[in-house]
Amino acid sequence: MIGELTNDWSQHVRHEFEQQYFHDLQSFIEQQRHEAEVYPPAQQVFAALALTSLADTKVVIFGQDPYHGAGQANGLAFSVQQGVRIPPSLRNIFQELCADISCPAPNHGDLTAWGREGVLLLNTTLTVRAGEAASHQGHGWERFSDRIITLINDKSEHTVFILWGASSRRKKSLIDTSRHSVIESAHPSPLSAHHGFFGSRPFSRANTALIEHGREPINWSP
């Protein structure tokens, strides 16, 4: 599994991969894959870390767990493969993106370009059973993702954490807000986007914080 990560995350998460909780987690996922479809595919589970190194991380956007529909999840929070219909939450994210920084509406939902810009698109649970949202919560992924947050928090470089929704906002306790920026709002889901997500301007605010701390802003065009 370490071999899937060829950047600096490899050395930093090696200890996690050796822990009993992680062995138990992997056994659970293997059994799940034997019984049913699990998303994303095994080779994409750590796609977010593989794409955005610890050293390059400037912004973190949290998702809860991967999309549970066929062909959607690609290992990056909120992202889908090109050619896949843009999910409602991502469509709302793009609506806010356009309103916030006048970015043209993307015609696809692949956020790989954001990852290359230094945006870590981290789901707090990295796998899910097909058709069953939140089905892999409570089996160890939360401990792993909390460790990722802690490693980013310990960096000296200023980082912006974007917390959408109650689940993500609970992660604020892991972040030293005297050294890093936190941008909070409602989740972009259609159920909550009109209650605090639209108009929250996370993209311009993130770039303002980065510039104020001497870091290059993000090119938010997917």
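Structure shown above.
In short, a report on the structure. No experiment lies behind these values; they were computed from the predicted model shown.

**Side note on the overall build of the chain**
In step 1: Across its full length, the chain holds 8 helices and 6 strands.
In step 2: Going from N to C terminus, the chain has its helices and strands arranged as α-α-β-α-β-α-α-β-β-α-β-α-β-α.
In step 3: The C-alpha radius of gyration of the chain comes to 17 Å, within 12% of the 17 Å expected for a compact globule of 222 residues.
In step 4: With respect to the principal axes defined by its C-alpha atoms, the chain has extents near 45 × 40 × 30 Å.
In step 5: Looking at the chain as a whole, 54% of its 222 residues qualify as buried.
In step 6: A fraction of 68% describes how many contacts in the chain between residues 6 or more apart in sequence connect residues 24 or more apart.
In step 7: Working note: accessible area of the chain is about 10000 Å², and carbon and sulfur atoms make up 46% of it.
In step 8: Within the chain, one finds 18 positive and 23 negative side-chain charges whose respective centroids are separated by 4 Å.

**A few points about the packing of aromatic side chains**
In step 1: If you walk through the whole model with that rule in mind, you get 17 aromatic pairs.
In step 2: Considering the side-chain rings of Phe17 and Phe144, the 5.9 Å spacing of their centres and the 10° angle between planes classify their relative orientation as stacked. Of the two residues, Phe17 sits in helix α1 (residues 9–17) while Phe144 sits in helix α6 (residues 141–153), which places them 127 residues apart along the sequence.
In step 3: Owing to a relative accessible area of 8%, Phe17 belongs among the buried residues under this scheme.
In step 4: By way of ring pairs, the aromatic residues Phe78, Trp114, Trp164, Phe197, Phe198, Phe203 and Trp220 are connected into one cluster.

**What about the nonpolar core?**
In step 1: Counting 62 residues, the largest nonpolar core has Trp9, Phe46, Val59, Ile61, Trp114, Phe144 and Trp220 as the members making the most contacts within it.
In step 2: It is α6 that contributes the most residues to this core, 6 residues altogether.

**Some remarks on the sheet that holds strand β6 (residues 181–185)**
In step 1: Reading across the sheet, the 4 strands line up as β3-β2-β5-β6 and stay open at both edges, with parallel pairing between neighbours. At either margin of the open sheet sits one strand with a lone partner, and together these are β3 (119–123) and β6. Within this sheet the neighbouring strands show an average axis-to-axis angle of 20°, counted without direction.
In step 2: Note: strand β5 (residues 160–164) against β6, 5 bridges, orientation parallel. Along β6, the bridge assignment pairs Phe161 with Val182.
In step 3: The strands that α6 touches are β2 (59–63), β3 and β5; relative to β3, the one it contacts most, it runs at about 155°.

**Here we look at the pattern of salt bridges**
In step 1: What the rule picks out here adds up to 8 salt bridges.
In step 2: Here Arg147 ties to Glu16 by a salt bridge, and the two come within 3.9 Å at their closest N and O atoms. Note that Arg147 is positioned in helix α6 and Glu16 in helix α1, a separation of 131 residues in sequence.
In step 3: Here Arg147 falls in the partly exposed class, since its relative accessible area comes to 31%.
In step 4: Linking Glu35 and Arg129 is a salt bridge whose minimum nitrogen-to-oxygen distance equals 3.3 Å. Of this pair, Glu35 sits in helix α2 (residues 20–35) while Arg129 sits in strand β4 (residues 128–129), placing them 94 residues apart in sequence.
In step 5: For Glu35, a relative accessible area of 45% gives the class partly exposed.
In step 6: Of the residues examined, Arg129 reaches a relative accessible area of 19% and is grouped as buried.

What counts and how
Residues numbered from 1 in each chain as written. Predicted model: local features only at pLDDT ≥ 70, side-chain atom pairs only at ≥ 80, totals over all residues. Heavy atoms only, no water. Helix = DSSP H or I, 4+ residues; strand = E, 2+ residues; numbered from the N terminus. Rg over C-alpha atoms; globule rule 2.2 N^0.38 Å. Buried < 20%, exposed > 50% of the residue type's maximum accessible area, 1.4 Å probe, protein only. Contact = heavy atoms within 4.5 Å. Areas by Shrake-Rupley, 256 points an atom, 1.4 Å probe, with all protein chains shown as cover. Lys, Arg positive; Asp, Glu negative; His and termini not counted. Charge placed at Lys NZ, Arg CZ, Asp CG, Glu CD. Phe/Tyr/Trp six-rings, centres within 6.5 Å; stacked < 30°, edge-to-face > 60°. Core = buried A, V, L, I, M, F, W, Y, C linked by side-chain atoms within 4.5 Å. Pairing = 2+ DSSP bridges. Axes fitted to C-alpha atoms, helices over the stretch in contact; angles between N-to-C directions. Salt bridge = Lys/Arg side-chain N within 4 Å of Asp/Glu carboxyl O.

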